[in-house]
Each structure stands twice: as C-alpha cells, then as structure tokens.
Number of protein chains: 2
Amino acid sequence: MEITAKFTAEQIAAAKRYAAMTPPTAIDPRIEALVTDLIGRVADKWTMVILEILAEKKTLRFGKLAEAIGTISQKMLTQTLRTMERDGLITREVYPVVPPKVEYQLTELGFTLGTAFCGVWVWAAENLSRVDQSRQAFDRRTSEASQ
Amino acid sequence: MEITAKFTAEQIAAAKRYAAMTPPTAIDPRIEALVTDLIGRVADKWTMVILEILAEKKTLRFGKLAEAIGTISQKMLTQTLRTMERDGLITREVYPVVPPKVEYQLTELGFTLGTAFCGVWVWAAENLSRVDQSRQAFDRRTSEASQ
DNA sequence: TTCTATACTTACCAAACGGAGAGTGTAGCC
DNA sequence: GGCTACACTCTCCGTTTGGTAAGTATAGAA
C-alpha cells in the first residue's frame, strides 16, 4: 500500500497495537464526553493535513505550510495553527525579524496524535474503493426507488 | 513571544530515527485528496459515537440508538445513519410492520473503521489532561500578553 | 520615497450545520 | 372513532463555518 510510505514502520506498528486493543466499555460519561469533544476538535480536516505534513517535513514556515497544503485560506491556516498550538500539538517559534519569520513544528504530543491517526489514514487508503463502490450501489438503489 | 518547548533527548532520538526512516515520498495527489475527503466525512462526532455504540451493542433499533446516544436530534441521527449506510459502514434492515421497526448493525467495514479509530480514542483518553494543561497555559500566556 | 516580503488580522458575506417542533402513515387496541 | 407506537420527514431559523479581499507593521533594497 502506497500510502503507508508516509509513516514509519514504528508508527504503523504502534497504530496496530492500538487497533488490537478492545474498545473500552463502561466509562465515566463525563470522561467520555470530554474525550468525544477532544476528538471532535482534533479530528478536523485541516488539523489532520497539517499533522501529516509537519510529520513529514519537520519544520515549516507559515508560507511554506500554506504552499504544502495547497488550498487552505490564510485565515483558516492561522486559525488551525493557533488552535493546535493551544492544544499543545505544535510549537510556534517567532523570529523577531522583518519581514516576519515564524516556524512551526510538531510537539511530541502532536507526533503521537499523528501516530494514532495513522490507523485511520491506513484504513481510509485501504478501503477507499470499497466505500466508493458502496456509495455508487446506494445511489443506484435510491434513484431506482424514487422512480 | 514565547519560544518553543524543548524536546527530551529521547524524543530527539526518536525524531531522528523517524527522519531516517521516512524518505520524502510522492503520493498521487488525487488519492491523497480522496483519502482526506473520506476521513473528513467519516471523522465527525456522531459517526464516531454511533460506531462505538454499535460495536458494543451489535444491533439496535432507531429509538434505542437515539437513547444510547442521549443528546442527538432525530434529524441528525437519521442523516448520520443514512450517510453511514451509503458509505457501507452499517446495514439498515427494515421490517414491514406497523409501527415501523428498523435495525442497524455495523458491517465489517464499519467494524474495522471503529478499530482504526480506537487508536485516536485511546490517544485522546490518555492525553486529555495534557491537552487541558496546554490550553490553560496558553490562555494564561495570551491573557498576560494582552494586558 | 516607494516598493517588497511575510505573517497575520479584520470586515463582510454566503453557505452549511444543526436544533426544535410539527406532520405522516397505518395496524391494532380500547 | 380515536389513540398509540415508531421511524422518519419537513420547515423554520439561529449559529457556525469558511472564503475573499483589504489592511497592518517595518527593515532593507532600489
């Protein structure tokens, strides 16, 4: 699988270890709510993309990051980076020069989150065509049904 | 401006191993876009919760599912379930009785996705307090800075 | 003096999200 | 005849999201 080249063998092994664990049952609902909330914030499109790019490129300036992502607006990039910094996923180093220079890096926390997401990424890559086929079949069924 | 938190020697070593093991790879951007898109759709709050509940309870009717989730609106539940069915994550079995009876189950695809997400779930549970501390520190820093 | 580079920041606006609440269909019970 | 159960389905409407475009700050080059 091509996509797995993005991750180290180590990361993939870690993801598989996680995956082998049975999902936790009976959990304190307050904790559960917090975890769900955290996942909700962390699991958005741009956060994942940035996590992935920074895992690969190590250190990037704002502009280079924007370039690497390709389609993101400045506003969203700033916003996402700020949130990630607040959550402790990345570090933001400002050089007091003109024109400004700011470098972003993953923290260890960000790195481990990337590792955890690795499992989802691999799943998505492996099952892309299956999902696609399922969607097509579904759409065919529903359009027939509506006639 | 605050400057970076430093990595431990261990983390730096890990990062170096990681760097050594990860040659820059070129992935078909179309595949990448599709995967990102797929993850984006699949990684939303309700999908994850439903995945989790169905993994545990195996088979549930619409009403019981709503009850198990607790806070979801009918509209969102219907919508999320329909999308998941389209993506091949769940099956929807309709019994032609009155009043209606509909049962939902995970497919194998849905089950494996739940498994993949388990890693993120575990990460979130393990790092909840670290993220929380990071946020508090960040908020303290920024409120100081704005005075 | 004017222009350039860079990382934002702000204002504005359209689209999407998502909740509340009412409506739908119908077999069987009272 | 009227009521109930269940799984939707639809409408209205406030909130959130996210894009575009313009503005900010300032050292150094031309």
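Residues numbered from 1 in each chain as written. Chains lettered and ligands numbered in written order. Predicted model: local features only at pLDDT ≥ 70, side-chain atom pairs only at ≥ 80, totals over all residues. Heavy atoms only, no water.

Caption draft 1: Expanded view of the protein's contact with DNA strand D. The environment of DNA strand D is made up of 15 residues, and the closest members are S73(A), K75(A), Q74(B), R92(B) and Y104(B). Restricting attention to atoms of DNA strand D within 4 Å of the protein, one finds that 57% of them are sugar or phosphate atoms. In the environment of DNA strand D, a phosphate oxygen lies 2.8 Å from a nitrogen or oxygen atom belonging to the side chain of S73(A). Here a base nitrogen of DNA strand D sits 2.4 Å away from a polar atom, N or O, in the side chain of Q74(B). Of all the elements in the fold, those that place two or more residues in the surface near DNA strand D are α5 (74-86) of chain A together with α4 (62-69), α5 (74-86) and β3 (101-106) of chain B. (Near = heavy atom within 4 Å. Polar contact = N/O pair within 3.5 Å; in protein donor to acceptor, adjacent residues only side chain to side chain. Helix = DSSP H or I, 4+ residues; strand = E, 2+ residues; numbered from the N terminus.)

Caption draft 2: Summary view of the protein's contact with DNA strand C. The immediate surroundings of DNA strand C are formed by 17 residues, with Q74(A), R92(A), Y104(A), K75(B) and M76(B) found nearest. The protein-proximal atoms of DNA strand C, defined as those within 4 Å of the protein, are 53% sugar or phosphate. Separating a phosphate oxygen of DNA strand C from a side-chain N or O atom of R61(A) is a distance of 3.0 Å. Tallying contributions element by element places α5(A) first for the surface near DNA strand C, with four residues. Here the surface near DNA strand C is built from residues that sort into eight nonpolar, four polar and five charged. (Nonpolar A, V, L, I, M, F, W, Y, C, P; charged D, E, K, R; others polar.)

Caption draft 3: Focus on the environment of T59(B). All names here are of chain B. Note on placement: T59 falls in strand β1 (residues 59-61). Residues in contact with T59, not counting those within four places in the same chain, are E103, Y104 and Q105. A polar contact of 2.8 Å, which involves the side chain of T59, links it to the side chain of Q105. (Contact = heavy atoms within 4.5 Å.)

Caption draft 4: Expanded view of the packing of helix α3 (residues 45-57) of chain A against helix α4 (residues 62-69) of chain A. All names here are of chain A. Relative to each other, α3 and α4 sit at 110°, their axes nearing to 11 Å. The angle between α3 and α4 falls in the class roughly perpendicular. Contact residues: α3 offers W46, V49, I50, I53 and L54, while α4 offers L65, A68 and I69. Counted by class, the contact of α3 with α4 contains eight nonpolar, no polar and no charged residues. (Axes fitted to C-alpha atoms, helices over the stretch in contact; angles between N-to-C directions. Parallel < 35°, antiparallel > 145°, perpendicular 65-115°, else oblique.)

Caption draft 5: Representation of the pattern of salt bridges. What the rule picks out here adds up to nine salt bridges over all chains. Where K101(A) meets E103(A), a salt bridge forms, and the shortest distance between an N and an O atom there is 3.9 Å. Note that R130(A) is salt-bridged to E108(B), the shortest N-O span being 3.9 Å. With R130(A) in helix α6 (residues 108-145) and E108(B) in helix α6 (residues 108-145), this pair bridges two chains. Residue classification places R130(A) among the partly exposed residues on the basis of a relative accessible area of 43%. Looking at E108(B), the relative accessible area reads 56%, which means it is exposed. (Salt bridge = Lys/Arg side-chain N within 4 Å of Asp/Glu carboxyl O. Buried < 20%, exposed > 50% of the residue type's maximum accessible area, 1.4 Å probe, protein only.)

Caption draft 6: Examining the sheet that holds β3(B) more closely. Residue and element names in this part refer to chain B. A sheet is described by the order of its strands in space; here three strands give the open sequence β1-β3-β2, paired in antiparallel fashion. Bordering the open sheet on either side are β1 and β2 (90-95), each of which pairs with just one other strand. Strand-to-strand twist in this sheet, taken as the mean axis angle between neighbours without regard to direction, amounts to 25°. Relative to β3, β1 runs antiparallel, the two sharing three bridges. Along β3, the bridge assignment pairs R61 with E103. Against the sheet, helix α3 (residues 45-57) makes contact with β1, β2 and β3, and its axis sits at roughly 95° relative to β3, the strand it touches most. Of the strands in this sheet, β2 and β3 touch α5, which is tilted by about 115° from β2. (Pairing = 2+ DSSP bridges.)

Caption draft 7: Region of the structure containing the side chain of R135(B). Structurally, R135(B) can be placed in helix α6. If near-sequence neighbours (up to four positions away) are discounted, R135(B) is found in contact with L38(A), R41(A), R86(A) and D87(A).

Caption draft 8: Spatial organisation of the confidence of the model for chain A. All names here are of chain A. Overall, the prediction assigns chain A a mean pLDDT of 81, with 78% of residues at 70 or greater. Residue range residues 1-5 is modelled with pLDDT below 50. Its contacts to residues more than four positions away, or to other chains, number 13 contacts. Below a pLDDT of 50 lies the segment residues 22-26, which in the model reaches two contacts outside its immediate sequence neighbourhood of four places, other chains included. (pLDDT = per-residue confidence, 0-100.)

Caption draft 9: Looking closely at the nonpolar core. Formed by 70 residues in total, the largest nonpolar core has its most connected members in F117(A) and F117(B). With eleven residues, α6(A) is the single largest residue contributor to this core. Setting aside residues no more than four positions away along its own chain, F117(A) makes contact with V42(A), A43(A), M48(A), L51(A), F117(B) and V120(B). (Core = buried A, V, L, I, M, F, W, Y, C linked by side-chain atoms within 4.5 Å.)

Caption draft 10: Summary view of the pairing of β2(B). Residue and element names in this part refer to chain B. With six bridges connecting them, β2 and β3 associate as antiparallel partners. Residue pairing for β3: E93 is matched across the bridge by E103. Where β2 folds back on β3, the antiparallel hairpin that results is connected by five residues.

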